[in-house]
Amino acid sequence: MIITYVFLAVFILMIGYLVYFQVFKSETVISSSYNSRQDLYAEHVIRGDILSSDGKVLAATDVSPDGGETREYPYGRMFAHVVGYVNNGKAGVESSMNFNLLRSHSFFLTQLYNDLTDQKNQGDNVVTTLDYDVQEAAYNALGSNNGAVVVLEADTGKVLAMVSKPDFDPNTLEANWDSIVNDDDSSVLLNRATSGTYPPGSVFKIFTTLEYIHENPNYDSYSFTCNGEYTVGDTTIHCYHNSVHGQESLVDSFANSCNTSYSNIGLSLNIDKFSSLLDDMMFNQSLPGTLSGAKSSFTLTDDASTGKIMQTAIGQGDTTVTPLHMAMVAAAIDEGGTVYAPYVVDHTESDSGRVVKRYRKSEAGTIMSSSDAQIMREFMGQVTARGTASALSGQSYDAYGKTGSAEYDSAGNSHGWFVGFASKDGYSDIAIAVIVEDGGSGSSSAVPVAKKVFDTYFNK
């Protein structure tokens with residue numbers, strides 16, 4: 001009798017799981033980019049379009065009179081990494097939304113007629129969160145430089161723009177595939193916005209500042225005299241171009257991006273607590289959402305040398321970050337410490353425009369207190385008001401940020417960074433991260449890119 005009950009219980013559990021799978025999990029499994037069976041849908045469905053939030057067609061399938069299908073990308077390189085491709089594998093939205101693009105929610109009588117006449121149904125369209133004008137501004141502002149730009153709507157996590165260079169033309173990718181993959185130095189397929197890992201340089205001072213404030217409630221009394229260089233033991237730290245900043249408070253040090261002051265601050269920190277703070281800030285872990293690529297890395301330990309601590313405090317050493325991560329941190333500061341999972345698809349719709357599925361914002365947690373976020377807002381406001389990003393002062397919008405010059409080789413060559421956010425009445429706040437490879441100072445290379453994006457968005 002007991003055995004009968006056991007088998008009955010197992011049977012009920014199996015039935016329960018099957019129902020659960022069909023209702024809650026089946027679509028997730030089917031829509032996985034690793035599920036090769038998705039491509040069977042293409043035998044019966046014409047792949048749907050991918051559109052920007054403002055209705056621009058970013059990818060479409062052209063059907064020739066003989067039934068041949070060609071995937072076309074009207075804006076070529078501009079959306080290459082974020083929209084992706086379907087030839088020689090898949091990437092970007094083309095990959096993550098493959099199943100949705102190959103589903104059809106056309107009118108059922110139309111589907112029935114097509115089935116009876118051996119014609120394909122029209123696949124659903126994917127409408128992204130991407131803003132064409134913002135994407136165009138970011139793409140053009142980065143120009144011929146390699147690097148990345150990420151723009152997020154701060155209070156939702158919507159990706160308004162995502163640019164990565166060097167880029168490629170998805171229209172000719174199949175023809176150029178062999179030359180790209182056989183070139184060991186080519187990285188055009190890498191989406192630097194999500195998977196590019198860079199030394200953060202002075203944008204890392206956001207985190208160093210927060211840890212100092214946590215350990216020193218009287219941080220307002222901090223004072224340091226910058227002479228352009230700072231030596232402890234056999235390590236000497238220089239300010240950018242050996243600038244001499246003189247007597248500085250903590251906020252002055254932040255606004256001026258003073259390396260010598262922050263090296264001094266770094267030596268005073270409890271490294272274990274600092275490491276814990278960086279864990280809270282999403283280092284050494286996958287980012288929330290479906291766009292997560294490479295992980296930002298922080299590896300400093302309490303037995304590190306004096307020189308390594310001094311370097312790490314100013315964003316050098318072994319620390320690396322991704323542009324998407326830094327944009328999320330900037331958005332969280334604007335949102336009082338709350339971080340939202342970034343997402344790039346707003347909804348899917350049938351060929352008649354009927355919404356099939358809508359995607360909504362997802363709160364991913366709190367990475368800092370509201371008081372910490374307010375302090376960082378004030379500090380970042382000083383950077384744009386009188387510091388290294390003062391080119392953003394006096395605009396029709398209020399901008400906040402942090403610049404960075406991140407050395408990447410022994411010769412002292414550096415990438416240019418800007419991380420920040422901006423607001424204006426009547427508009428949603430946006431956060432941005434800009435990395436310009438080999439751009440030198442963030443002030444001269446990355447800030448102008450951010451300004452063009454802000455100008456475009458807040459004048460729409």
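Rules used throughout
- Residues numbered from 1 in each chain as written.
- Predicted model: local features only at pLDDT ≥ 70, side-chain atom pairs only at ≥ 80, totals over all residues.
- Heavy atoms only, no water.
- Disulfide = S-S within 2.5 Å.
- Buried < 20%, exposed > 50% of the residue type's maximum accessible area, 1.4 Å probe, protein only.
- Salt bridge = Lys/Arg side-chain N within 4 Å of Asp/Glu carboxyl O.
- Helix = DSSP H or I, 4+ residues; strand = E, 2+ residues; numbered from the N terminus.
- Pairing = 2+ DSSP bridges.
- Axes fitted to C-alpha atoms, helices over the stretch in contact; angles between N-to-C directions.
- Contact = heavy atoms within 4.5 Å.
- Lys, Arg positive; Asp, Glu negative; His and termini not counted.
- Polar contact = N/O pair within 3.5 Å; in protein donor to acceptor, adjacent residues only side chain to side chain.
- Phe/Tyr/Trp six-rings, centres within 6.5 Å; stacked < 30°, edge-to-face > 60°.
- Parallel < 35°, antiparallel > 145°, perpendicular 65-115°, else oblique.
- Left-handed = near helix turned anticlockwise from the far one by under 90°.
- Expected span 1.5 Å × (residues − 1).
- Patch = residues over 30% accessible without salt bridge, like charges linked within 9 Å, V, L, I, M, F, W, Y side chains within 5 Å.
- Areas by Shrake-Rupley, 256 points an atom, 1.4 Å probe, with all protein chains shown as cover.

1. Concerning the state of the cysteines
Reasoning step 1: Taken as a whole, this structure holds 0 disulfides when the rule is applied.
Reasoning step 2: Cys226 forms no disulfide, and the closest cysteine sulfur to it belongs to Cys258, at a distance of 3.6 Å.
Reasoning step 3: Relative accessible area serves as the criterion here: at 0%, Cys226 is assigned to the buried category.

2. Here we look at the pattern of salt bridges
Reasoning step 1: Tallying each qualifying case throughout the model produces 13 salt bridges.
Reasoning step 2: One salt bridge in this structure joins Arg71 and Glu94, with 2.9 Å as the shortest N-O distance. With a gap of 23 residues between them, Arg71 in strand β4 (residues 69-72) and Glu94 in helix α3 (residues 92-96) connect regions that are remote in the sequence.
Reasoning step 3: Judged by relative accessible area, which is 0%, Glu94 ranks as buried.

3. Regarding the sheet that holds strand β17 (residues 398-407)
Reasoning step 1: Strand order in the open sheet formed by 5 strands is β8-β7-β19-β18-β17, with antiparallel pairing between adjacent strands. Every other strand in the sheet has two partners, leaving β8 (159-165) and β17 as the edge strands with one partner each. Geometrically, the sheet is characterised by an average inter-axis angle of 10° between neighbouring strands, direction not taken into account.
Reasoning step 2: As defined by bridge partners, strand β18 (residues 414-423) adjoins strand β19 (residues 430-436) across 7 bridges and the pair is classed as antiparallel. What sits directly across from Ala422, in β19, is Ile430.
Reasoning step 3: In the packing of helix α6 (residues 132-142) onto the sheet, the strands contacted are β7 (147-153), β8 and β19, and the crossing angle to β8 comes to about 25°.

4. Points about the side chain of Asp372
Reasoning step 1: Secondary-structure assignment places Asp372 in helix α15 (residues 370-386).
Reasoning step 2: With no salt bridge to any partner, buried Asp372 finds its closest opposite charge in Arg377, at an N-O distance of 13 Å.
Reasoning step 3: Residues contacting Asp372, with those up to four places away along its chain left out, are Leu210 and His214.

5. Re the pairing of β19
Reasoning step 1: Among the 7 residues in β19, 7 count as buried, and that is most of the element.
Reasoning step 2: Across the two faces of β19 the burial is the same, with Ile430, Ile432, Val434 and Val436 and Ala431, Ala433 and Ile435 all buried.
Reasoning step 3: With 7 bridges connecting them, β7 and β19 associate as antiparallel partners. Residue pairing across strands places Val149 opposite Val434, the latter belonging to β19.
Reasoning step 4: Between β18 and β19, which follow one another and run antiparallel, lie 6 residues, and Gly426 among them has a positive phi close to 90°.

6. With respect to the sheet that holds strand β6 (residues 125-128)
Reasoning step 1: Reading across from one edge, β4-β3-β2-β6-β14-β15 is the order of the 6 strands in this open sheet, with mixed pairing throughout. The sheet is open, and its two borders are formed by β4 and β15 (355-358), each paired with just one other strand.

7. Details of the side chain of Asn259
Reasoning step 1: Its place among the elements puts Asn259 in helix α11 (residues 259-268).
Reasoning step 2: Residue Asn259 is classed as buried on the basis of its relative accessible area of 11%.
Reasoning step 3: Polar contacts involving the side chain of Asn259 include one to the side chain of Lys205, which spans 2.8 Å.
Reasoning step 4: What Asn259 contacts, discounting residues up to four positions off in sequence, is Ser202, Lys205, Ile237, His238, Cys239, Tyr240 and Ile314.

8. Comments concerning the packing of aromatic side chains
Reasoning step 1: Inspection of the entire model under this criterion finds 23 aromatic pairs.
Reasoning step 2: Centroid distance Tyr400 to Phe421: 4.9 Å. Interplanar angle 15°. Geometry classified as stacked. Taken together, the positions of Tyr400 in strand β17 and Phe421 in strand β18 put the pair 21 residues apart, joining distant regions of the chain. Judged on exposure class, the residue Tyr400 and its partner Phe421 are both buried.
Reasoning step 3: Ring geometry for Tyr427 and Phe458: centres 5.5 Å apart, planes at 70°, overall edge-to-face. Placement of the pair is Tyr427 in the loop between β18 and β19 and Phe458 in the segment after α16 (442-457), with a sequence separation of 31 residues.

9. Notes on the packing of α6 against α16
Reasoning step 1: In contact at an axis separation of 9 Å, α6 and α16 are set at 155° when each is read in the N-to-C sense. With respect to α16, the axis of α6 lies roughly antiparallel. As for how α6 packs across α16, the hand of that crossing is right-handed. Contacts between α6 and α16 involve Asp133, Val134, Ala137, Ala138, Ala141 and Leu142 from the former and Val449, Lys452, Val453, Thr456 and Tyr457 from the latter.

10. Some words on the pairing of β15
Both faces of the sheet carry side chains from a regular strand, because those side chains alternate between them.
Reasoning step 1: Here 3 bridges tie strand β14 (residues 345-349) to β15, and the two strands are oriented antiparallel to one another. For His347, the partnering residue across the bridge sits in β15 and is Arg358.
Reasoning step 2: Where β14 folds back on β15, the antiparallel hairpin that results is connected by 5 residues, among which Gly353 adopts a positive phi of roughly 95°.

11. Section: α11
Reasoning step 1: When you tally the buried positions in α11, you get 7 out of 10 residues, the bulk of the element.
Reasoning step 2: All of the buried residues along α11 are Asn259, Thr260, Ser261, Tyr262, Ser263, Ile265 and Gly266.

12. Here's the deal with α15
Along an α-helix, a turn takes 3.6 residues, which lines up residues three or four apart on a common side.
Reasoning step 1: Counted at 1.5 Å a residue, the expected span for α15 with its 17 residues is 24 Å, and the 24 Å between its end C-alpha atoms agrees.
Reasoning step 2: Among all positions of α15, only Asp372, Ala373, Ile375, Met376, Arg377, Phe379, Met380, Gly381, Val383 and Thr384 are buried.
Reasoning step 3: Residues of α15 that are buried sit in contact with α9 (205-215), α10 (250-256), α14 (323-334), β17 and β18.

13. What about the environment of Val10?
Reasoning step 1: When you line up the elements, Val10 lands in helix α1 (residues 2-31).
Reasoning step 2: For Val10, a relative accessible area of 41% puts it in the partly exposed group.
Reasoning step 3: In the structure, Val10 is positioned 229 residues away from Cys239 in sequence and 69 Å away in space, judged by C-alpha atoms.

14. Details of a nonpolar patch on the surface
Reasoning step 1: Together, Phe107, Phe108, Leu109, Leu112 and Leu116 give the surface a local cluster of nonpolar side chains, amounting to about 580 Å² of exposed area.
Reasoning step 2: By the secondary structure assignment, Leu112 is in helix α5 (residues 108-116).
Reasoning step 3: Judged by its relative accessible area of 45%, Leu112 falls in the partly exposed class.

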